[in-house]
Amino acid sequence: MRQPRILVVDARGAAGLPYSSLVARLQPMDLRVERSVSGAARAIERDAWDIGIVTAWEADEAAPLAAVVRSADPELPLVVVDAHPTVAATRQCLRAGVGDYLELDHAEEHLEDAIARLLTAARRRDAAEVLRRAVERPYTFEGFLGESPAMREVYSIIDRVAASSVDVLISGETGTGKELVARALHQRSRRANAPFVPVDCGAIPDALMESEFFGHEKGAFTNADSRRMGLVEFADGGTLFLDEVGELPLALQAKLLRVLQERRVRRVGARQETGVDVRVIAATSRNLDAMVERGEFRRDLLYRINVVRIDLPPLRDRGDDVGLLAEYFANRAAQEMGKPVSGLSLDAYQVLKSYHWPGNVRELQNVVRRAVALTRSATPDVEDLPDEVVAAAGRGLPAADGDGGFFARRAEHVAKFEKQYLAELLTRHHGDVSAAARDAKLPRGTLYRLMKAHDLDGATFRPK
Ligand SMILES: Nc1ncnc2c1ncn2[C@@H]1O[C@H](COP(=O)(O)OP(=O)(O)OP(=O)(O)O)[C@@H](O)[C@H]1O
Ligand SMILES: [Mg+2]
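In this text, all values refer to a predicted model and were calculated from it rather than measured experimentally. (Residues numbered from 1 in each chain as written. Chains lettered and ligands numbered in written order. Predicted model: local features only at pLDDT ≥ 70, side-chain atom pairs only at ≥ 80, totals over all residues.)

A. Inspection of the overall build of the protein chain at higher detail. When helices and strands are tallied, the protein chain shows 19 helices and 16 strands. Partitioning the intrachain contacts of the protein chain with sequence separation of at least 6 by distance along the chain shows that 71% fall at a separation of at least 24. (Helix = DSSP H or I, 4+ residues; strand = E, 2+ residues; numbered from the N terminus. Contact = placed C-beta atoms within 7 Å.)

B. Spatial organisation of the nonpolar core. One finds Ile-170, Val-232 and Leu-240 to be the most contacted residues of the largest nonpolar core, which totals 39 residues. Ignoring sequence-local partners within four residues, the contact set of Val-232 consists of Phe-213, Phe-214, Leu-240, Val-259, Val-265, Val-276 and Val-278. Counting residues in each nonpolar core, the second largest holds 34 residues, with Tyr-349, Val-367, Ala-392 and Leu-426 among its members. (Core = buried A, V, L, I, M, F, W, Y, C linked by C-beta atoms within 7 Å. Buried ≥ 20, exposed ≤ 12 C-beta atoms within 10 Å, placed from the backbone.)

C. Structural detail: the packing of helix H13 (residues 321–337) against helix H15 (residues 360–374). At their nearest, the axes of H13 and H15 sit 9 Å apart, and the two run at 45° to each other. When the axes of H13 and H15 are compared, the pair comes out oblique. Here the hand of the crossing between H13 and H15 comes out right-handed. Contacts from Val-322, Leu-325, Ala-326, Phe-329, Ala-330, Ala-333, Ala-334 and Met-337 of H13 reach H15 at Val-361, Leu-364, Gln-365, Val-368, Arg-369, Val-372 and Ala-373. When its residues are assigned to classes, the contact of H13 with H15 shows 13 nonpolar, 1 polar and 1 charged. (Axes fitted to C-alpha atoms, helices over the stretch in contact; angles between N-to-C directions. Parallel < 35°, antiparallel > 145°, perpendicular 65-115°, else oblique. Left-handed = near helix turned anticlockwise from the far one by under 90°. Nonpolar A, V, L, I, M, F, W, Y, C, P; charged D, E, K, R; others polar.)

D. Local environment of the environment of Ala-41. The topology assignment puts Ala-41 in helix H2 (residues 37–46). By the C-beta count within 10 Å, which is 17 here, Ala-41 ends up partly exposed. Residues Ala-41 and Asp-73, spaced 32 residues apart in sequence, show a C-alpha to C-alpha distance of 8.4 Å.

E. Quick peek at helix H14 (residues 346–354). Of all the 9 residues making up H14, 7 are buried; the element is thus mostly covered by neighbouring parts of the structure. Those residues of H14 lying buried are Ala-348, Tyr-349, Gln-350, Val-351, Leu-352, Lys-353 and Ser-354.

F. Looking closely at the sheet that holds strand E16 (residues 308–311). Spatial ordering of the open sheet is given by E9-E12-E15-E8-E16, a layout of 5 strands whose pairing is parallel. Every interior strand has two partners, whereas the edge strands, strand E9 (196–200) and E16, have only one. Ignoring strand direction, the axes of neighbouring strands in this sheet form an average angle of 20°. Sheet topology places strand E12 (residues 239–243) next to strand E15 (residues 279–284); 4 bridges connect them, and they run parallel. Opposite Leu-242, over in E15, you have Ala-282 as the bridge partner. (Pairing = 2+ DSSP bridges.)

G. Broad picture of the site of ligand 1. Every one of the 16 residues lining ligand 1 counts as a neighbour, but Leu-145, Gly-177, Lys-178, Glu-179 and Val-361 are closest to it. Listed by contribution, the elements that provide at least two residues to the shell around ligand 1 are strand E7 (144–145), helix H7 (178–187) and H15. In the shell around ligand 1, the residues fall into 5 nonpolar, 8 polar and 3 charged. The two domains that each donate at least three residues to the shell around ligand 1 are domain 2 (144–311) and domain 3 (317–453). (Near = placed C-beta within 6 Å. Domains from an automatic or database assignment.)

H. Representation of the packing of H13 against H14. Axis separation between H13 and H14 bottoms out at 9 Å; the angle between their running directions is 125°. Relative to H14, the element H13 lies oblique. For the crossing formed where H13 meets H14, the hand is right-handed. Of the residues in H14, those touching H13 at Val-322, Gly-323 and Ala-326 are Tyr-349, Leu-352 and Lys-353. The class makeup of the residues in the contact of H13 with H14 is 4 nonpolar, 1 polar and 1 charged.

I. Spatial organisation of the environment of Ala-393. Mapped onto the elements, Ala-393 comes out in helix H16 (residues 387–393). When the C-alpha atoms of Ala-393 and Ala-415 are compared, they prove to be 8.8 Å apart, with 22 residues separating the residues in sequence.

J. Representation of the pairing of E12 in the model. In terms of burial, E12 is largely enclosed, as 5 of its 5 residues are buried. Judged by which residues are buried, E12 turns out to be covered on both faces: Thr-239, Phe-241 and Asp-243 on one side and Leu-240 and Leu-242 on the other are all buried. Here 5 bridges tie E9 to E12, and the two strands are oriented parallel to one another. Bridge assignment links Val-199 to a residue of E12, and that residue is Leu-242.

K. Inspection of unusual backbone geometry at higher detail. With a phi close to 50°, Glu-244 is a non-glycine residue in the positive phi region. Mapped onto the elements, Glu-244 comes out in the loop between E12 and helix H10 (250–262). Given 18 C-beta atoms within a 10 Å radius, Glu-244 is considered partly exposed. Phi is positive for Arg-263, close to 55°, though the residue is something other than glycine. With respect to the element layout, Arg-263 can be found in the loop between H10 and strand E13 (264–265).

L. Inspection of the sheet that holds strand E4 (residues 78–82) at higher detail. Read from one edge to the other, the open sheet built from 5 strands follows the order E2-E1-E3-E4-E5, with strand pairing classed as parallel. The sheet terminates laterally at strand E2 (30–34) and strand E5 (100–103), the two strands that pair on one side only. In this sheet, neighbouring strand axes are inclined to one another by 20° on average, regardless of whether the strands run parallel or antiparallel. By the bridge criterion, 5 bridges tie strand E3 (residues 51–56) to E4 in an arrangement that is parallel. Bridging across to E4, Thr-55 finds its partner in Val-81. Here H2 sits on the sheet in contact with strand E1 (5–10) and E2, set at roughly 160° to E1.

See the structure below:
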């Protein structure tokens, strides 16, 4: 974490202060001493500060000095050190929003604590502010929530390619919003009033696939007792959404390629082909390039559908979007369930932010809905989150704020602590997990999950 930046406003220049030794102790922090109020005001205007310390050497000087500094930045947390403390001055300063008022004689004792306390308060306030902003004006785009750079990039591509009829391949982990992208592309095209036909390529039995896609004539095969239109024809004028396109069997891939190239279909059992005007949007959570290398997906089909590619970022790479989505899902769930719940606690939000979200937005949505359903308070807290999420969030898995961020650093420390704690606990109980769980006052299942998460095996703690 970066050093806090501290601005000291002190007419005598901190050198001669009784608390100069203390100021010296603060030196590793990023400290600047200004000898005049006007100098301080300039410094406040030019740079960002985390804390201001104002020293009043004259009687009745504290409150006016503090007021001038605060007018330069009303948000700056301030500590006033007064050489002539009075009850009146204390009251005036605190009423003016000064964070702490210290008597010069006791400053040495209390200054460090005061600074630490104000810094913590400011950090909490900043985090809360992020949350509040997220709730107030969520950035939305065709049903998407999220304002991270990664998602803005996605919106921008959708915006550019939607109107043209160009075919698009959407790739992304499960639950990242691939279907939402496909629908947005359709909505923003001139095809919006024609059908959007989603096809789950993994869900149709191989035997039925050809007739599902291309339709059939009456009597084309046993059971074909009437003519039937296929999905491709059904999407005529609109958009055909091939979800999990990697699941298509090779034989059908070849037939589909022909349709895409010729824009014509032939129903099973028909002699004539029919022209179709469809836009194809394909989605995959698998690596199609690797499948091509293994001969499981046709290279020519990949080229054909990969005209424009949209890669959806996993949720863990979307920074503050996690908080924004969590708030939104919590409020919506509360409304649906008729529970007087709003948002999530700051701690719960921090856990969510440190988790790695293998199931992405869908998983977040489920976790938050569950928390709203379970909670007994007005703001769901950490105890309302699944054990796995809480445990994994502390395990040092990549945190949403990336290397060096607060949550990432905290996750590292928690993970280290957990592993050491578990090892000591298991050693003490000679690898007896039940006894260890009782001792730690944890449910056995939770302890097991934690051990598994840290690759610890009870057997290795048993005496040989
Ligand atoms: N950015 C977002 N804002 C709001 N809701 C979202 C966002 N992304 C996804 N969702 C919601 O999350 C859920 C999953 O999205 P979607 O079905 O589009 O994902 P997918 O990538 O198709 O997942 P799968 O690979 O599992 O099919 C849906 O309920 C969707 O509305
Ligand atoms: Mg999907």
